[in-house]
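Structural overview
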Amino acid sequence: MPAISSNDLRLITDFLSESLPFDELEFEDLDRLATQLVIQYHRRGDHLDTDHCTPGLRILRSGAVELVDNQKELIERLAESESFNLHGINEERPGVGAEFIEDSLVYFLPMADYQALRQQHRHIDRYFHSQRGRRVRRAARQTSAPSYLTRRLSTLMSSKLVSVRPDNTIQETALVMGQKRVSCALVIDDEELLGIITDRDLRSRVVARNFAFNRLVSEVMTPSPQCMLDSDNVFDATLFMTEKGIHHIPIENNQQQLVGIVTASDLMLVRQNDPVYLVTHVKRQNSVQGLAQICQQLPQLMSQWIGSGGRAHQVSRILTAISDGVTRRLIDMAIDELGPPPVSFAWMGFGSQGRGEQLLGADQDNGLLLSDSVKPEHASYFETLAHRVCDGLNTCGYPYCHGKVMATTDQWRQPLRGWKDTVNSWTKAPTKDAVMRVSIFFDVRCIYGDPHLVDELQDHMLERSQSNSIFIAALAENVLDAPAPLGLFRQFVVERSGEHRSHLDLKTRAVAIIVDIARIHALANGIKAINTHARLKELMQTKVLAISDARNLQDAWNVIMQIRCEHQAEQVEKGDDVSNYINPDRMSKLVKRQLRDAFSVISDAEQGVSQRYRPGLGR
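Residues numbered from 1 in each chain as written. Predicted model: local features only at pLDDT ≥ 70, side-chain atom pairs only at ≥ 80, totals over all residues. Heavy atoms only, no water.

Contact geometry for helix H14 (residues 312-338) and helix H16 (residues 379-395): axes closest at 9 Å, N-to-C directions at 135 degrees. One way to sum up the angle between H14 and H16 is to call them oblique. In the crossing of H14 with H16, the sense of the turn from one axis to the other is right-handed. Along its contact with H14, which presents Val326, Thr327, Leu330, Ile331, Ala334, Ile335, Glu337 and Leu338, the element H16 presents Tyr381, Thr384, Leu385, Arg388, Val389, Gly392 and Leu393. Residue composition of the contact of H14 with H16, by class: 10 nonpolar, 3 polar and 2 charged. (Axes fitted to C-alpha atoms, helices over the stretch in contact; angles between N-to-C directions. Helix = DSSP H or I, 4+ residues; strand = E, 2+ residues; numbered from the N terminus. Parallel < 35°, antiparallel > 145°, perpendicular 65-115°, else oblique. Left-handed = near helix turned anticlockwise from the far one by under 90°. Contact = heavy atoms within 4.5 Å. Nonpolar A, V, L, I, M, F, W, Y, C, P; charged D, E, K, R; others polar.)

Next up, the structure:
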């Protein structure tokens, strides 16, 4: 294990200065720490355990490592700038080892130096022992059972690749696929992946169009297919197929070498109730009743996903993908009956659907964005389209919005210029009602139609909000009007009356506040991301938020969403109505502690909003 040379010390201290928890050390302390470090190299596949490694702290300079128990259950995945003390972890959970999933460079701090560092710096000791953010992070990543969602693609992909050249004919390609009994072939020239051809391509692009079989396969292939890594997991591939509407994914290793192929059938063999199958099944429905029957399965399926170890961010993205699929199918069915739209349009999803964060019980928040070329005589077409889709969504279990934020309302069905005028009025005179609407409307995503229309509208929204301090201050006031539900002595603040008396509202009083905080920072700094995690990541990368603050908010969101998902799954199993209210008296001590820590993170983040966007108006 070579010692670090003097020429590398500055690079090391620069790296440590941007890594938790060393980022708060003085330069002299960073330089001293750098001289104590030893470089270790680990190849992908290397394994460490407490019987065969020197005690101390390991800081990942590059690469990735997974902490697994003796049953090979994943405990935590660590990446660049993260650190771990394997012997310390084993004091709390014996049998944990470290498996390197990438070639990795590690800075190793011997145990004596590590312990001395903790004794000298209280914030570092808190970080590695009992710091609130660290506890929240562990809770956010904790899994209670092995999940098929985390199974690596390398364990199920087919490594027997069938390939053809771009100058092969369609007939030659079909013969090769038939002889090899495969549903796809990769089009490769000089070891470069140029495209992919599938059975479905042969049916839809060749046979259905009477395309000559002696033409080149390069004329009908899907060019430049996107690949995934063999270290990616089943969830990654499932979501990729769902979002892209594909059934075959070429697989590469870290050296960008083709090593396999994964198909939708492969995923279905390892998973029950596969979301890819559900979305594909949605696309084949020809009636609202057929769609509704599929949606009736979602509560039980969500309960199964959670019970099998699914994480909240995975489940919410899957449920959103299914909601998107239902919406798109309803629009296609309406267009089949009404005829082609007279002008281009975009169906927009707002709120949790826009962010990709839907769970059970989500109501409709949508709108229609029409091209400015729309004429008065086109109004009836789009009004009918809106009613067909919104009525269908209601039948499928996505109830009408109580506030009528739906494409059926004239205000939420406008040409682009009308939407821009609405944004102008909201930002110019941010009334309380306008701010409430903005909280839904600024989380927008194109579900169907022309995405360029939505891009232009989003650009206008960011331009209007970023430089408008009065508008941002109004948003800040809205955030601060709903403090985290944590009172004196860290007691929960519960509902005082009504149907949910003595319960916590995890959606409105917790998740929504984190969403609001991420949104206001994004709007004030011109960040276009919509998903809460993506917003926080960009806020961290652009240094709008400190790394620790952004990660703590991400982990608080994960913790609350996971508790919310597990609570809904429990309600489904009991046959109760699904809600976001939970009784603290029925929670375990561990869950209560996790929630208190998460709520404390929210309170700190609200203080940051107050100081940054409402100077002089402290909490």
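Unusually for a residue other than glycine, Lys404 sits at a positive phi of about 60 degrees. Assignment of secondary structure puts Lys404 in the loop between H16 and strand E18 (413-415). For Lys404, a relative accessible area of 54% translates into the label exposed. Although it is not a glycine, Ser502 adopts a positive phi angle of roughly 70 degrees. (Buried < 20%, exposed > 50% of the residue type's maximum accessible area, 1.4 Å probe, protein only.)

Phe441, Ile560, Leu595 and Phe599 are the most contacted members of the largest nonpolar core, which has 120 residues in total. Ignoring anything within four residues of it in the chain, the contact list for Ile560 reads Leu506, Ala510, Val511, Ile514, Leu595, Ala598, Phe599 and Ile602. Formed by 21 residues, the second largest nonpolar core is a distinct cluster that contains Leu25, Leu30, Ile39 and Leu109. (Core = buried A, V, L, I, M, F, W, Y, C linked by side-chain atoms within 4.5 Å.)

Let us now look at the sheet that holds strand E4 (residues 65-68). Pairing between the strands of a sheet comes from backbone hydrogen bonds, and it takes one of two forms, parallel or antiparallel. Here we have 4 strands laid out as an open sheet, ordered E2-E7-E4-E5, and antiparallel in their pairing. Pairing within the sheet leaves two strands with one partner each, and these edge strands are strand E2 (47-48) and strand E5 (74-78). (Pairing = 2+ DSSP bridges.)

For the rest of this paragraph, the subject is helix H20 (residues 469-480). Taking 1.5 Å per residue as the helical rise, H20 with its 12 residues ought to reach 16 Å, and the 16 Å between its terminal C-alpha atoms agrees with that figure. When we look at burial in H20, the residues that qualify are Phe471, Ile472, Ala474, Leu475, Ala476, Asn478, Val479 and Leu480. Looking at the buried side of H20, the elements it contacts are helix H17 (416-428), helix H18 (432-441), helix H19 (451-466), helix H21 (507-524) and helix H24 (589-613). At the N-terminal end of H20, a side-chain oxygen is found 3.3 Å from the backbone nitrogen of Ile470, two or three residues along, and the residue is Asn468. (Expected span 1.5 Å × (residues − 1). Polar contact = N/O pair within 3.5 Å; in protein donor to acceptor, adjacent residues only side chain to side chain.)

The next point concerns the confidence of the model for the protein chain. Put simply, the protein chain has an average pLDDT of 87, and 93% of its residues get 70 or more. Long-range and interchain partners of residues 130-135, a stretch whose pLDDT sits below 50, account for 12 contacts in this model, where long-range means more than four residues apart. Across residues 141-146, where pLDDT falls below 50, the model places 17 contacts with residues more than four positions away in sequence or in other chains. (pLDDT = per-residue confidence, 0-100.)

The next subject is a positive patch on the surface. A contiguous patch of positive charge on the surface is contributed by Arg200, Arg203, Lys283 and Arg328. Take Arg328: it is sitting in helix H14. Since its relative accessible area comes to 31%, Arg328 is described here as partly exposed. (Patch = residues over 30% accessible without salt bridge, like charges linked within 9 Å, V, L, I, M, F, W, Y side chains within 5 Å. Areas by Shrake-Rupley, 256 points an atom, 1.4 Å probe, with all protein chains shown as cover. Salt bridge = Lys/Arg side-chain N within 4 Å of Asp/Glu carboxyl O. Lys, Arg positive; Asp, Glu negative; His and termini not counted. Charge placed at Lys NZ, Arg CZ, Asp CG, Glu CD.)

On to the packing of aromatic side chains, then. Under the criterion given, the structure shown has 15 aromatic pairs. Here Trp412 and Trp419 contribute two aromatic rings whose centre-to-centre distance is 5.9 Å and whose plane-to-plane angle is 55 degrees, an arrangement assigned as tilted. Classification of Trp412 as buried rests on a relative accessible area of 1%. A relative accessible area of 0% means that Trp419 is categorised as buried. The rings of Phe350, Trp412, Trp419, Trp426, Phe441, Phe442 and Phe471 are connected pair by pair, giving a single aromatic cluster. (Phe/Tyr/Trp six-rings, centres within 6.5 Å; stacked < 30°, edge-to-face > 60°.)

On the basis of which strands lie adjacent, the open sheet formed by 4 strands has the order E1-E8-E3-E6 and antiparallel pairing. Two strands lie at the open edges of the sheet, namely strand E1 (38-42) and strand E6 (83-84), each paired on one side alone. Alignment of E1 against strand E8 (residues 104-110), held across 5 bridges, turns out to be antiparallel. Along E8, the bridge assignment pairs Ile39 with Tyr107. With respect to the sheet, helix H1 (residues 9-16) is in contact with strand E3 (56-62) and E8, its orientation differing from that of E3 by roughly 95 degrees.

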